[in-house]
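Chain residues, written in single-letter form:
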Amino acid sequence: MTIGFIQNSPQFGNKEANLRDVTKLATGLTCDLLVLPELFATGYTFTHRDEVYQLSEDVDGMTIQTLKELSADSGAILIAGWIERDGDRVYNSSVMVYNQQVIGNYRKIHLFNRENVWFSPGNREPQVYDVNGTRIGMMICFDWFFPEMARTLALKGARILAHPSNLVLPWCQKAMVTRCLENNIFAVTANRIGSEQRGEDSFHFTGGSQITSPKGEILISAPTDSAYVGVVNIDDSEADNKSLNPFNNLWKDRKTEYYSL
Ligand code: ACM
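Within each chain, residue numbers correspond to sequence positions counted from 1 in written order. Confidence filtering applies because this is a predicted model: local features only for residues at pLDDT of at least 70, side-chain atom pairs given and counted only at 80 or more, and all residues used for totals across whole chains, interfaces and linings. To obtain the side-chain values, all non-hydrogen atoms of the structure were included, while hydrogens and water were left out.

A. Up close: the pattern of salt bridges. Here a salt bridge means any side-chain nitrogen of Lys or Arg lying within 4 Å of a carboxyl oxygen belonging to Asp or Glu. All told, the structure shown has 13 salt bridges when counted by the stated rule. Connected via shared salt-bridge partners are Arg135, Arg159, Asp236 and Asp240.

Here is the structure:
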């Protein structure tokens, strides 16, 4: 199967322009799975909760409509970060869209920095979705810092971690090599580029989106400072074999009786 990412450079608050840019980057692309960054249509650095609410949407909004169009045009399962509105709450979420349907949605559980002011924390257990012959788990950006997250999705059977991100710390790309090795899983980390200076915050986003294999190989790595579309061919069933040698198996060797803390 072919899996890929789009690395974009959102203009804060200009959803129409950001959706147009991503649509342009995806022109002519065909693949089986395509991952876009966290909050790819809105930008990241908010100054007030009202601003977050105004940029939020429900599943009938223009962001998910555009993702449905991108999915139809590319044939891909589309996964992307969005601001999800549910009543008066807003979540930093990742949606999965395929065949004109919303297949799944994940509400970020490990909120980073002032995200804790803007968003409600995710209130549902992360799930693995069985879709078009593969199994995908979603995590968002800072979730990488918690190895339990990738582990939980891998134990639930994911072959691929779809990882929309707005990375500002310098370590994630390296850490994903370990996340993939220790779980024998693929990961697509879709990051953004550019900087945002708003209110009390100033962030520089590190680009370097990457696709990592179960053997910890970086199959493709995007530049740190330009928009980019990356696609690779994989055999996702490689993720099913947790055996290292005749004596070691990543799952069977876990000593859960010693992990009580
Ligand atoms: C982050 O979780 N967006 C750093």
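Next comes the rest of the account.
B. The sheet that holds strand β4 (residues 89-98), seen in detail. The criterion for strand pairing is that DSSP finds at least two bridges linking the strands in question. The numbering of helices and of strands both runs from the N terminus, where a helix is a DSSP run of H or I of at least 4 residues and a strand a run of E of at least 2. With respect to topology, 6 strands assemble into an open sheet ordered β5-β4-β3-β2-β1-β14, the strand pairing being mixed. Looking along the sheet, the strands with just one partner apiece sit at the ends: β5 (101-107) and β14 (228-233). Between one strand and the next, the sheet's axes are offset by a mean angle of 30°, whatever the strand orientation. Axis definition: a line fitted to C-alpha atoms, over the contacting stretch in the case of helices. Angles run 0 to 180 degrees between N-to-C directions.

C. Looking closely at the pairing of strand β6 (residues 128-131). Sheet topology places β6 next to strand β7 (residues 134-138); 4 bridges connect them, and they run antiparallel. Of the residues in β7, the one forming a bridge with Val131 is Thr134. Adjacent in sequence and paired antiparallel, β6 and β7 are bridged by 2 residues, among which Asn132 carries a positive phi angle near 45°.

D. Broad picture of the sheet that holds strand β12 (residues 210-212). Sheet architecture is open: 6 strands sit in the order β6-β7-β8-β9-β12-β13, paired in mixed fashion. Edge positions in the sheet fall to β6 and β13 (218-221), since each has one partner strand and no second. The sheet shows a mean angle of 20° between the axes of neighbouring strands, direction not considered. Sheet topology note: the strand β8 (residues 160-164)/strand β9 (residues 186-190) ladder contains 5 bridges and is parallel. Note on β9: the bridge partner recorded for His163 is Thr189. Every residue pair with non-hydrogen atoms within 4.5 Å of one another is taken to be in contact. Along the sheet face, helix α5 (residues 147-155) touches β6, β7 and β8 and points at about 155° away from the line of β7. Helix α6 (residues 172-183) contacts β8, β9, β12 and β13 of the sheet and is inclined by roughly 20° relative to β12.

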